[in-house]
Amino acid sequence: MIFSETKLKGAFIIDVKRLEDERGFFGRSYCKEEFKSYGLNTSIEQSNVSYNKTKGTLRGMHMQVAPYEETKLVRCTRGAICDVIIDMRENSATYKEWIGVELTADSYRMLYVPEGFAHGFITLLDHTDVTYQVTQGYIPGAERGYRYDDPAFQIIWPIQPVIVSEKDLAHPLLEGVYPS
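Worth saying up front: this structure is predicted, and the values here are computed from it rather than measured.

Asks: Explain the overall build of the protein to me, using residue names and the numbers behind them.
Replies: Looking only at helices and strands, one finds two helices and 14 strands in the protein. Whereas a compact globule of 180 residues would reach a radius of gyration of roughly 16 Å, the protein reaches 16 Å, a difference of no more than 12%. When burial is assessed residue by residue, the protein has 47% of its 180 residues classed as buried. Taking the intrachain contacts of the protein between residues at least 6 apart in sequence as the baseline, contacts between residues at least 24 apart amount to 78%. Roughly 9600 Å² of accessible area belongs to the protein as shown, and the carbon and sulfur atoms make up 50% of that amount. Computing the positive centroid from 20 side-chain charges and the negative centroid from 25, the protein places the two 2 Å apart.

Shown next as structure tokens:
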């Protein structure tokens, strides 16, 4: 695997190192020892899948708080997404900064999302599947969410959302109000 740390400390883009031949290719999408060598959490507790019928479906921005914080390993297994994470660690030099990474089924690229980050994505194609390996199961009451369009983050989405759940639209703004 090829690990590339992003500008947000602890967040990595992970590409499959392909060993190709006439049959196609072989590569690892997870190796506990390689993850450990980068200081990454290897305690996968749950695997989730998200199916999205419509291009422009936006899910996010979600996270869980201490003591139930979670690390995610995200991969698009059908279609394409723009995957976005926000550093919500108040003591971090990149607090409130975000990155967006295009993940496609064809690229096999993954995004490692450390604890303390809000996560969301927008689908770039119809019929898109996203898988998550997570280090913590869902804990009611520990979930937090932030608006995808919160001016505190100034996220630039590649396309306009078409579908956003009522729950995601109800997330509070970090600063509480939209600017006048």
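Asks: Go over the environment of Ala142 with me, naming the residues and quoting the values.
Replies: Relative to the assigned elements, Ala142 resides in the loop between β12 (128–134) and β13 (143–145). For Ala142, a relative accessible area of 5% gives the class buried. It is 8.2 Å that separates the C-alpha atoms of Ala142 and Glu69, two residues lying 73 residues apart in sequence. Setting aside its immediate chain neighbours within four residues, Ala142 contacts Met63, Gln64, Val65 and Tyr68.

Asks: Explain the side chain of Thr6 residue by residue, including any values.
Replies: In this structure, Thr6 sits in the loop between β1 (2–5) and β2 (12–15). Each residue touching Thr6, except ones within four places of it in the same chain, is listed here: Ala11, Phe12, Ile13 and Ile99.

Asks: Could you give an account of the packing of aromatic side chains, naming the residues involved and the relevant values?
Replies: This model, assessed by the stated rule, comprises eight aromatic pairs. Seen from their ring centres, Phe3 and Phe12 are 6.3 Å apart, and the 80 degrees between their planes marks the pair as edge-to-face. With centroids separated by 5.1 Å and ring planes inclined at 85 degrees, the aromatic side chains of Phe25 and Tyr108 adopt a geometry described as edge-to-face. With a gap of 83 residues between them, Phe25 in strand β4 (residues 24–26) and Tyr108 in the loop between β9 (98–104) and β10 (110–113) connect regions that are remote in the sequence.

Asks: For the pattern of salt bridges, give the residues involved together with the corresponding values.
Replies: For the structure shown, the criterion picks out eleven salt bridges. In this structure, Glu175 engages Lys96 in a salt bridge whose closest nitrogen and oxygen atoms are separated by 3.5 Å. Taken as a pair, Glu175 in the segment after α2 (166–169) and Lys96 in the loop between β8 (80–87) and β9 lie far apart in primary sequence, 79 residues in all. For Lys96, a relative accessible area of 27% translates into the label partly exposed.

About the criteria used
- Residues numbered from 1 in each chain as written.
- Predicted model: local features only at pLDDT ≥ 70, side-chain atom pairs only at ≥ 80, totals over all residues.
- Heavy atoms only, no water.
- Helix = DSSP H or I, 4+ residues; strand = E, 2+ residues; numbered from the N terminus.
- Rg over C-alpha atoms; globule rule 2.2 N^0.38 Å.
- Buried < 20%, exposed > 50% of the residue type's maximum accessible area, 1.4 Å probe, protein only.
- Contact = heavy atoms within 4.5 Å.
- Areas by Shrake-Rupley, 256 points an atom, 1.4 Å probe, with all protein chains shown as cover.
- Lys, Arg positive; Asp, Glu negative; His and termini not counted.
- Charge placed at Lys NZ, Arg CZ, Asp CG, Glu CD.
- Phe/Tyr/Trp six-rings, centres within 6.5 Å; stacked < 30°, edge-to-face > 60°.
- Salt bridge = Lys/Arg side-chain N within 4 Å of Asp/Glu carboxyl O.

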